[in-house]
Amino acid sequence: MVDHCSPEDVLTPRTSEHSSLLADELSRKTVDTMFLLQKLLAARQPDGSAFILRLIAQVPGLLSCFVTARGGDADAAAEQVIAYASWCAAGLGPSDDLQPLSVRGDSLLHILSDPAELDVPPIAVVRDMRVLNELLQTHSFEAVVGSHVAVLERLLLSSPAVQRHGVSVVQDLSQMSLSLVTRVSDPRMLLAQGRAARFLTTAFPLKLANVVIVDAPMIFSGLWRVVRQFLPAELANSTRFLYRPHAKRELERIFGRADVL
């Protein structure tokens, strides 16, 4: 079951005046970004231009998420939008297809959030890699990624708290079979994983607060050496590897909750 944040679970500002000032500044920066995008579209005619035009028409919406992700820098936000649009044009954008999300009711991704912890990023948890193994038998890796990008995008749009603080990611690889490792180690699959990693960490306007991998099998080390090359160095170096039986206690220490796994 995917537990999405509701609009009521968003960050509550300290005062209405402070909230108004922040909203006004974000609106101004979003409008600045919109005009910059219009100029860049005319000058460059980049891939994904149709997506960018739709994004501009939906102001504030997703466009404001790019502004927030880039710390209010309109120039950086506009460049990230263009990068995102190019990836979407190449087939790595969000997808409305729900089938690659679960197998027989078992979801690959679970979103954990606590409405009482307004400054704590939600946690995106992959608990059972057997679900991914089954999904990849009937869906392409890109289809699986696209459906889950749509889940993350809805989460992003629903909560200013997520826009500011991002999400943490926990992957439990204890059920990662040799057949799955072999499948994802195929050169074409490695390239697809690298592209997805680059898209999510450089073009998608969602910050990754923590990344934790639990019970990675020994054979995963070779795969990790390849995938980490596509990640920002800071993120790759800060990724934590935990192992049972101590993993559960350490996850509770990191995230302050006992139900991550």
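The structure this text deals with has already been given above.
Residues numbered from 1 in each chain as written. Predicted model: local features only at pLDDT ≥ 70, side-chain atom pairs only at ≥ 80, totals over all residues. Heavy atoms only, no water.

A. Fine view of the pairing of strand β5 (residues 167-172). With four bridges connecting them, strand β4 (residues 123-126) and β5 associate as parallel partners. Bridge pairing links Val126 to Gln171 in β5. (Pairing = 2+ DSSP bridges. Helix = DSSP H or I, 4+ residues; strand = E, 2+ residues; numbered from the N terminus.)

B. Looking closely at the packing of helix α3 (residues 61-69) against helix α6 (residues 141-158). At a closest axis distance of 10 Å, the pairing of α3 and α6 adopts a crossing angle of 80°. Taken together, the axes of α3 and α6 are roughly perpendicular relative to one another. Facing Gly61, Leu62 and Cys65 of α3, the residues of α6 in contact are Glu153, Leu156 and Leu157. Along the lines of polarity and charge, the residues of the contact of α3 with α6 split into four nonpolar, one polar and one charged. (Axes fitted to C-alpha atoms, helices over the stretch in contact; angles between N-to-C directions. Parallel < 35°, antiparallel > 145°, perpendicular 65-115°, else oblique. Contact = heavy atoms within 4.5 Å. Nonpolar A, V, L, I, M, F, W, Y, C, P; charged D, E, K, R; others polar.)

C. Structural view of the nonpolar core. Membership of the largest hydrophobic core comes to 68 residues, with the highest contact counts inside it found for Leu37, Ile52, Tyr84, Leu136, Met176, Phe199 and Phe220. Per-element accounting of this core gives the leading share, nine residues, to helix α4 (residues 74-92). Core analysis: the second largest hydrophobic core is formed by 12 residues, Leu112, Val170, Ala247 and Ile254 among them. (Core = buried A, V, L, I, M, F, W, Y, C linked by side-chain atoms within 4.5 Å. Buried < 20%, exposed > 50% of the residue type's maximum accessible area, 1.4 Å probe, protein only.)

D. Broad picture of the sheet that holds strand β6 (residues 208-214). One open sheet accounts for five strands, arranged β3-β4-β5-β6-β7; its pairing is mixed. Strands with a single pairing partner mark the edges of an open sheet, and in this sheet they are β3 (109-112) and β7 (240-242). Taking the axes of each pair of neighbouring strands and ignoring which way they run, one obtains an average angle of 20° across the sheet. Sheet topology places β3 next to β4; four bridges connect them, and they run antiparallel. Bridging across to β4, Leu109 finds its partner in Val126.

E. Region of the structure containing unusual backbone geometry. A cis amide bond links Arg244 to the next residue, Pro245, at an omega of 10°. Along the chain, Pro245 turns up in the loop between β7 and α12 (247-255). Although it is not a glycine, Arg104 adopts a positive phi angle of roughly 50°. Take Arg104: its relative accessible area is 69%, and that puts it in the exposed class. The phi angle at Asp215 is positive, at roughly 55°, despite the residue not being glycine. With respect to the helices and strands, the residue Asp215 is situated in the loop between β6 and α10 (220-227). Exposure remark for Asp215: the relative accessible area of 16% places this residue in the buried category.

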